[in-house]
Amino acid sequence: MSQVDDVLAALADPMRRRVLDLVAAKGPVSASALATELPVSRQAIVKHLGVLEKAELVASVRAGRENNFSVRSDALDATATWMASLASQWDKRLAAIKKIAEG
């Protein structure tokens with residue numbers, strides 16, 4: 001699986017997007033701290049963070065007994081670049097169809 005595939009698969013789940021949004025908003029944060037703000041168990045949050053970490057969307061650093069998670073932007077940037085390229089290709093195709101239809 002490519003990095004873009006991993007990112008898109010990770011972000012397909014609405015709860016993972018919420019977890020990622022909270023990690024981005026709070027900076028380095030533990031799963032326990034996230035559990036106070038989400039309607040799922042700490043264990044579920046840890047699983048979501050594992051998927052996000054595998055997709056390289058978050059990174060963890062050990063702090064005492066817990067891991068603190070922070071956002072990594074490289075994978076998101078690569079995915080955004082791929083999506084912009086795809087959108088550009090479609091724009092060109094639609095412009096060609098419009099030219100043919102109007103011509």
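What you are looking at is a predicted structure, and each value in this text was computed from that prediction instead of being measured.

Enquirer: If you had to explain unusual backbone geometry to someone new, which residues and values would you point to?
Expert: Of note, glutamate 56 is a non-glycine position whose phi angle comes to about 65°, a positive value. With respect to the element layout, glutamate 56 can be found in the loop between α4 (42-54) and β2 (58-63). Take glutamate 56: its relative accessible area is 35%, and that puts it in the partly exposed class.

Enquirer: Explain the pattern of salt bridges to me, and be specific about the residues and the numbers.
Expert: Under the counting rule described, the total for this entry stands at 2 salt bridges. The salt bridge involving glutamate 37 is made with lysine 26; its shortest N-O contact spans 2.7 Å. With a gap of 11 residues between them, glutamate 37 in the loop between α3 (31-35) and α4 and lysine 26 in helix α2 (residues 14-26) connect regions that are remote in the sequence. The exposure class assigned to glutamate 37 is partly exposed, which follows from its relative accessible area of 39%. The shortest N-O distance in the salt bridge between arginine 42 and glutamate 66 comes to 3.9 Å. Within this pair, whereas arginine 42 is found in helix α4, its partner glutamate 66 is found in strand β3 (residues 66-71), the two being separated by 24 residues in sequence.

Enquirer: Report on the confidence of the model for the chain, specifying residues and quantitative values.
Expert: Across the chain, the average pLDDT comes to 91, with 99% of residues at or above 70. Mean pLDDT values for the elements of the chain range from 85 in helix α5 (residues 74-102) up to 97 in α4.

Enquirer: Got a sec to walk through the sheet that holds β3? Specific residues and values, please.
Expert: Ordered by their spatial adjacency, 3 strands build an open sheet running β1-β3-β2, and the pairing between neighbours is antiparallel. Strands at the two margins of the open sheet, each flanked by one partner only, are β1 (29-30) and β2. As paired strands, β1 and β3 are joined by 2 bridges and run antiparallel to one another. In the sheet register, serine 30 faces β3, and the bridge partner there is asparagine 68. Across the sheet, α2 touches β1, β2 and β3, and the angle it forms with β3 is around 90°. Sheet contacts for α4: β2 and β3; angle to β2, the most-contacted strand, approximately 125°.

The rules behind these values
- Residues numbered from 1 in each chain as written.
- Predicted model: local features only at pLDDT ≥ 70, side-chain atom pairs only at ≥ 80, totals over all residues.
- Heavy atoms only, no water.
- Helix = DSSP H or I, 4+ residues; strand = E, 2+ residues; numbered from the N terminus.
- Buried < 20%, exposed > 50% of the residue type's maximum accessible area, 1.4 Å probe, protein only.
- Salt bridge = Lys/Arg side-chain N within 4 Å of Asp/Glu carboxyl O.
- pLDDT = per-residue confidence, 0-100.
- Pairing = 2+ DSSP bridges.
- Contact = heavy atoms within 4.5 Å.
- Axes fitted to C-alpha atoms, helices over the stretch in contact; angles between N-to-C directions.

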